[in-house]
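Given next are the chains, with one letter for each unit.
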Amino acid sequence: MKRILTILAITLAFVSTNCSAARIKNLNRKPNEAIIIAKIQIKNGESFLNNKWNFLLNERLFAKWSVWPDDQNYIYMKVPIRKNFMALLQYDGYSKNIPDNYLTIDIKESKIYYIGDIVIHWTIDPKKDRANFSGGAIGAIAESQKKGAFLEVDVIDNYNETTAYFNSKFQNSELIEKELLKTNK
């Protein structure tokens with residue numbers, strides 16, 4: 001039984017670190033999907049983390065909607081048409097749950113949306129933020145249910161620079177809507 005739980009935990013970890021959404025490669029999307037773009041950085045104390053982090057939207061376990069920033073710290077990903085929320089940050093063996101509906105984006109149509117230039121202030125605590133799910137799959141599930149912490153977040157409207165970067169990368173001529181990330185305490 002312990003071996004089965006270990007295999008489940010490894011599989012779960014693999015699934016949660018390999019996302020199905022990820023950065024887009026083209027602008028194709030289904031009618032129930034939109035694209036969000038942003039420049040996002042995580043500030044750990046006085047320094048910024050490199051771009052080897054990711055975040056998950058709407059859930060903390062299976063990484064259906066997750067993305068890593070590119071080498072310039074931009075994200076561009078498909079999301080479902082609905083109110084989406086940032087649920088989890090992950091970086092180098094550390095993770096931080098974010099409360100449901102704290103950091104939200106309200107996506108109403110199958111369009112491209114600029115959500116802001118965002119700085120998330122997450123001072124990593126090696127004891128509290130270590131992603132070691134003791135208890136295997138059950139521990140990982142229990143960890144995903146924790147409410148999380150309200151992190152300080154700066155959202156800056158830098159629409160022109162970010163959309164210019166995106167448009168040049170994807171040869172986009174479609175109008176990009178502005179729907180800045182909201183913080184709701």
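For the structure itself, look to the data block above.
Residues numbered from 1 in each chain as written. Predicted model: local features only at pLDDT ≥ 70, side-chain atom pairs only at ≥ 80, totals over all residues. Heavy atoms only, no water.

Enquirer: Tell me about the pattern of salt bridges, residues and numbers included.
Expert: Tallying each qualifying case throughout the model produces 8 salt bridges. Note that Glu-109 is salt-bridged to Lys-111, the shortest N-O span being 3.6 Å. Among the residues examined, Glu-109 registers a relative accessible area of 42% and is labelled partly exposed. Glu-177 is paired through a salt bridge with Lys-111; the nearest N and O atoms lie 3.6 Å apart. Taken together, the positions of Glu-177 in strand E11 (residues 176–178) and Lys-111 in the loop between strand E8 (103–106) and strand E9 (112–121) put the pair 66 residues apart, joining distant regions of the chain. Of the residues examined, Glu-177 reaches a relative accessible area of 26% and is grouped as partly exposed. Look at Lys-111 and you get partly exposed, because its relative accessible area is 25%. Taken together, the salt bridges that share partners define one network made up of Glu-109, Lys-111 and Glu-177. (Salt bridge = Lys/Arg side-chain N within 4 Å of Asp/Glu carboxyl O. Buried < 20%, exposed > 50% of the residue type's maximum accessible area, 1.4 Å probe, protein only. Helix = DSSP H or I, 4+ residues; strand = E, 2+ residues; numbered from the N terminus.)

Enquirer: Outline the nonpolar core, listing residues and values.
Expert: Side chains of a nonpolar character, in soluble globular proteins, are inclined to be buried together. Within the largest apolar cluster, 32 residues are counted, with the highest numbers of intra-cluster contacts made by Ile-36, Phe-55, Leu-89 and Ile-120. At 5 residues, the largest contribution of residues to this core is made by strand E1 (residues 33–44). Setting aside anything within four residues of it in sequence, one finds Phe-55 in contact with Ile-40, Trp-65, Ser-66, Val-67, Ile-75, Met-77, Met-86, Leu-88 and Leu-89. By size, the runner-up hydrophobic cluster in this structure holds 10 residues, among which are Ile-24, Ile-35, Tyr-74 and Phe-170. (Core = buried A, V, L, I, M, F, W, Y, C linked by side-chain atoms within 4.5 Å. Contact = heavy atoms within 4.5 Å.)

Enquirer: Which residues make up helix H3 (residues 159–170), and what are the values?
Expert: For H3, with 12 residues, the first-to-last C-alpha span of 16 Å sits near the 16 Å given by 1.5 Å per residue. Those residues of H3 that fall on the buried side of the exposure criterion are Thr-162, Thr-163, Phe-166 and Phe-170. Axial view of H3: buried residues confined to an arc of 95°, hence all on one face. Packing partners of the buried residues in H3 comprise E1, strand E5 (74–80), E9 and E11. A positive backbone phi angle near 50° is found at Gln-171, which sits one or two residues after H3. (Expected span 1.5 Å × (residues − 1). Arc of directions from axis to C-beta.)

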